[in-house]
Amino acid sequence: MELSNLFWDASLEELKQGYIEEKDSFTCLLCGEKTEKGIVYPYKNRLYEAERYMRIHIETAHNSVFDYLLSMDKKLTGLTEHQKSLLQLFYQGKSDKDIQKELDMGSTSTIRHHRFALKEKERQAKTFLAIMELLKEKDEYAPAFLPVHKTATMVDDRYNITQEEQEKILKKYFPEGTDNPIVKFPPREKQRLIVLREIAGQLQPDRTYGEKELNQALKGFYEDYALIRRYLIDYGFLDRKLDGSEYWLKK
């Protein structure tokens with residue numbers, strides 16, 4: 001299953017711990033890293049079982065689940081940059097007085113007001129989540145929307161895509177199958193997103209590509225590989241070094 005699907009289908013407890021348990025392994029919801037059950041993993045001259053090593057992986061690779069979730073796009077968290085700054089300081093265990101000085105805010109009562117507002121947001125989120133869970137039991141006509149990829153740079157109506165729409169668009173632009181080049185570059189945003197998502201899914205997730213290597217890989221999908229490369233970056237599928245010498249899939 002695609003990493004974005006695993007992430008959005010995870011329970012609240014699984015999201016909090018940052019990984020899910022599968023039959024033979026544990027999978028990091030933040031980057032897709034796996035640890036296999038029955039394997040012992042070395043770290044700093046000690047040996048760890050798979051689940052404990054997964055927690056070490058999250059600490060070393062992502063700092064914490066909290067930091068990772070907080071870094072996600074506003075459309076996915078509903079948080080402003082100011083709220084993120086406050087939450088980060090709360091998470092660090094700083095007092096209202098320390099936060100007031102660090103952020104140069106009016107008074108500690110202002111910090112308390114923000115704490116109250118965030119608590120209210122939590123209550124609203126819980127209520128809405130319960131409503132949506134109950135709705136799932138009754139809404140038999142709800143379409144199956146595709147999950148938004150976690151590294152999306154902007155989340156808007158172009159992500160309003162059903163499984164049926166995706167299949168139709170892929171058939172249109174990959175008439176000979178998705179292992180073959182597209183016939184033309186899609187003119188509309190939603191169509192581009194679906195095509196780019198398919199192309200990104202065929203790149204190697206743990207590989208760092210040199211510029212020429214990536215160009216060669218993308219040329220197999222479309223002759224104007226520079227256009228594809230630019231849009232993969234714009235849509236948050238790819239990241240790169242500032243000088244453009246290396247590229248990799250974002251996780």
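Just so we're clear, the structure is a prediction, and the values are computed from it rather than from any experiment. (Residues numbered from 1 in each chain as written. Predicted model: local features only at pLDDT ≥ 70, side-chain atom pairs only at ≥ 80, totals over all residues. Heavy atoms only, no water.)

Participant: Explain the pairing of strand β8 (residues 246-249) to me, please; I cannot follow it from the model alone.
Facilitator: The side chains of a regular strand alternate, residue by residue, between the two faces of the sheet. Burial of the side chains of β8 is restricted to one face: Tyr-247 and Leu-249 are buried, whereas none of Glu-246 and Trp-248 on the reverse face is. Across 2 bridges, strand β6 (residues 209-210) lies against β8 in antiparallel orientation. Within β8, the residue paired with Gly-210 across the bridge is Glu-246. Across 3 bridges, strand β7 (residues 238-240) lies against β8 in antiparallel orientation. Bridged to Leu-238 within β8 is Leu-249. The loop that links β7 with its antiparallel partner β8 comprises 5 residues; one of these, Gly-244, has a positive phi angle of about 75 degrees. (Buried < 20%, exposed > 50% of the residue type's maximum accessible area, 1.4 Å probe, protein only. Helix = DSSP H or I, 4+ residues; strand = E, 2+ residues; numbered from the N terminus. Pairing = 2+ DSSP bridges.)

Participant: I would appreciate a short explanation of helix α6 (residues 81-91) in the present structure.
Facilitator: Side chains three or four residues apart in an α-helix point the same way, a direct result of the helix having 3.6 residues per turn. Gln-83, Lys-84, Leu-86, Leu-87, Leu-89 and Phe-90 are the residues of α6 that are buried. Here the buried face of α6 lies against α4 (65-70), α5 (74-77), α7 (96-102) and α8 (108-138). Of the residues one or two after α6, Gly-93 is the one with positive phi, at around 80 degrees. (Contact = heavy atoms within 4.5 Å.)

Participant: Before we go on, may I ask you to explain the environment of Ile-194 in this structure?
Facilitator: Tracing the sequence through the fold places Ile-194 in helix α10 (residues 189-201). When its relative accessible area of 2% is taken as the criterion, Ile-194 is described as buried. Sequence separation between Ile-194 and Leu-170 is 24 residues, and the spatial gap between their C-alpha atoms is 7.3 Å. If near-sequence neighbours (up to four positions away) are discounted, Ile-194 is found in contact with Ile-161, Glu-165, Gln-166, Ile-169 and Leu-170.

Participant: How do you make sense of the packing of α6 against α8 when you look at a structure like this?
Facilitator: The packing of two helices is summarised by the inter-axis angle and the distance between the axes. One way to put it is that α6 packs onto α8 with a least axis distance of 11 Å and a crossing angle of 100 degrees. In this view, α6 runs roughly perpendicular relative to α8, as classed from their interaxial angle. On α8, the residues that touch His-82, Gln-83, Leu-86, Leu-87 and Phe-90 of α6 are Ile-111, His-114, Arg-115 and Leu-118. A per-class count over the contact of α6 with α8 returns 5 nonpolar, 3 polar and 1 charged. (Axes fitted to C-alpha atoms, helices over the stretch in contact; angles between N-to-C directions. Parallel < 35°, antiparallel > 145°, perpendicular 65-115°, else oblique. Nonpolar A, V, L, I, M, F, W, Y, C, P; charged D, E, K, R; others polar.)

Participant: How do you make sense of the environment of Tyr-53 when you look at a structure like this?
Facilitator: As for its placement among the helices and strands, Tyr-53 is situated in helix α3 (residues 50-62). The class for Tyr-53 is partly exposed, based on a relative accessible area of 21%. Separated by 17 residues in the primary sequence, Tyr-53 and Glu-36 place their C-alpha atoms 10.0 Å from one another. Ignoring any residue separated from it by four or fewer positions in sequence, one finds Tyr-53 in contact with Thr-35, Tyr-41, Pro-42, Tyr-43 and Tyr-48.

Participant: Explain the domain arrangement of the protein chain here, please?
Facilitator: Many analyses report the size of an interface as the accessible area lost when the parts associate. Parsing the protein chain into structural domains produces domain 1 (3-66), domain 2 (72-137) and domain 3 (157-249). For domain 2 and domain 3, the distance between their C-alpha centroids amounts to 36 Å. (Domains from an automatic or database assignment.)

Participant: Would you explain the nonpolar core in this entry?
Facilitator: General note: in soluble globular proteins, nonpolar side chains tend to be found buried as a group. By size, the foremost hydrophobic cluster in this structure holds 33 residues, and its most contacted members are Phe-174, Ile-182, Ile-199, Leu-203, Ile-228 and Leu-232. Elements supplying a minimum of two residues to this core: α9 (163-173), α10, α11 (211-219), α12 (225-234) and β8. Looking at which element gives the most residues to this core, the answer is α10, with 6 residues. Beyond its immediate chain neighbours, meaning those up to four positions away, Leu-203 contacts Tyr-209, Leu-214, Ala-217, Leu-218, Leu-232, Leu-238 and Leu-249. One finds Phe-7, Phe-26, Tyr-41 and Met-54 within the second-largest nonpolar core, a separate group that totals 17 residues. (Core = buried A, V, L, I, M, F, W, Y, C linked by side-chain atoms within 4.5 Å.)

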